[in-house]
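A closer look at the structure
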Amino acid sequence: AQSVTQPDIHITVSEGASLELRCNYSYGATPYLFWYVQSPGQGLQLLLKYFSGDTLVQGIKGFEAEFKRSQSSFNLRKPSVHWSDAAEYFCAVGPATGGGNKLTFGTGTQLKVEL
Amino acid sequence: EAGVVQSPRYKIIEKKQPVAFWCNPISGHNTLYWYLQNLGQGPELLIRYENEEAVDDSQLPKDRFSAERLKGVDSTLKIQPAELGDSAVYLCASSHIQGAAGANVLTFGAGSRLTVL
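Residues numbered from 1 in each chain as written. Chains lettered and ligands numbered in written order. Predicted model: local features only at pLDDT ≥ 70, side-chain atom pairs only at ≥ 80, totals over all residues. Heavy atoms only, no water.

With that settled, consider the pattern of salt bridges. Residue and element names in this part refer to chain A. Evaluated as defined, the whole model comprises eight salt bridges over all chains. One salt bridge connects D8 with R22, and the closest N-O pair in it is separated by 2.9 Å. Residue D8 is located in the loop between β1 (3-5) and β2 (10-14), and its partner R22 is located in the loop between β3 (19-21) and β4 (24-26); the two are separated by 14 residues in the primary sequence. Overall, the relative accessible area of 18% leaves D8 in the buried class. For E64, the salt bridge identified is with R77, shortest N-O distance 3.3 Å. With E64 in strand β8 (residues 64-68) and R77 in strand β9 (residues 73-78), this residue pair connects regions lying 13 residues apart in the sequence. The partly exposed category is assigned to R77, whose relative accessible area is 23%. (Salt bridge = Lys/Arg side-chain N within 4 Å of Asp/Glu carboxyl O. Helix = DSSP H or I, 4+ residues; strand = E, 2+ residues; numbered from the N terminus. Buried < 20%, exposed > 50% of the residue type's maximum accessible area, 1.4 Å probe, protein only.)

To summarise the sheet geometry, strands pair through backbone hydrogen bonds and adopt either a parallel or an antiparallel arrangement. Residue and element names in this part refer to chain B. Across the sheet, which stays open at both edges, the four strands sit in the order β1-β3-β8-β7 with antiparallel pairing between neighbours. Each end of this open sheet is capped by a strand with a single partner; those strands are β1 (5-7) and β7 (65-68). Across the sheet, the mean angle from the axis of one strand to that of its neighbour is 15°, orientation sign disregarded. (Pairing = 2+ DSSP bridges. Axes fitted to C-alpha atoms, helices over the stretch in contact; angles between N-to-C directions.)

What follows deals with the interface of chain B and chain A. Each partner contributes residues to the interface: chain B has 23 residues there, and chain A has 22 residues. There are zero salt bridges connecting chain B and chain A. Among the secondary structure elements, those contributing two or more residues to the side of chain B that touches chain A are β4 (31-37), β5 (44-50) and β9 (88-95) of chain B. Counting residues per element, the side of chain B that touches chain A draws most heavily on β4 of chain B, at three residues. Grouping the constituent residues of the side of chain B that touches chain A by class yields 10 nonpolar, 10 polar and three charged. (Contact = heavy atoms within 4.5 Å. Nonpolar A, V, L, I, M, F, W, Y, C, P; charged D, E, K, R; others polar.)

On to the confidence of the model for chain B. Chain-level statistics for chain B give a pLDDT mean of 91 and a share of 92% at 70 or above. Mean pLDDT values for the elements of chain B range from 90 in strand β6 (residues 53-56) of chain B up to 98 in strand β3 (residues 19-24) of chain B. (pLDDT = per-residue confidence, 0-100.)

On to unusual backbone geometry, then. Backbone torsion omega between S7 of chain B and P8 of chain B reads -10°, so that peptide bond is classified as cis. Within the secondary structure, P8 of chain B sits in the loop between β1 and β2 (10-13). Residue P81 of chain B follows Q80 of chain B across a cis peptide bond; omega there is -5°. Considering the arrangement of structural elements, one finds P81 of chain B in the loop between β8 (75-79) and β9. Phi is positive for K61 of chain A, close to 60°, though the residue is something other than glycine. Following the sequence through the fold, K61 of chain A ends up in the loop between β7 (56-58) and β8. For K61 of chain A, a relative accessible area of 44% corresponds to the partly exposed category. Look at N51 of chain B: it is not a glycine, yet its phi comes out positive at around 55°. For N51 of chain B, the location among the structural elements is in the loop between β5 and β6. The class for N51 of chain B is partly exposed, based on a relative accessible area of 38%.

What follows is the structure in structure tokens.
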């Protein structure tokens, strides 16, 4: 069965500091990997996705993530955090083929940005 | 283009009452999903539709939950009767036809927050 682990429930960073949110996955085949962001009272917005190819993927709002197959990780990074980045971040894994687009989400990491 | 539209955004009911949520997906998206998001948790799939067919409803509590997607466009999720533990956010999402580019990219609506008293 596929699963996603986000080991950090809460993270606090100062505005302008760098950010790394961790994501580890368990999947028996080639996965699709995603990062979504959710602001309070809102739905989930796609930040970036990895399907294949270059293991460093760029997303919206200055975010990037690196797929490391050997570590089963897909960590999200941003070099300089803005106060508006405060939100909850979800990592998700899904099948590359078949499986009906069934995404499995992690439990999320709540990001707080100190001014 | 318009996003995934859900209504109502908020609903407060007493236990044992029925409740219904509506979702209109992005035009052209044949796959529609209902997810349940409990407080402090990630979304969990309840049901997935390919056009009007429910192809994955294994996580839907069928004793009290039901869903339909007549005509393969908008969808309704119903709970009857609601229990205290049903208090959560119900998210609807849609995606392109499976197999096409971007097939696995889900676009979510803003969600319907249910409070059961």
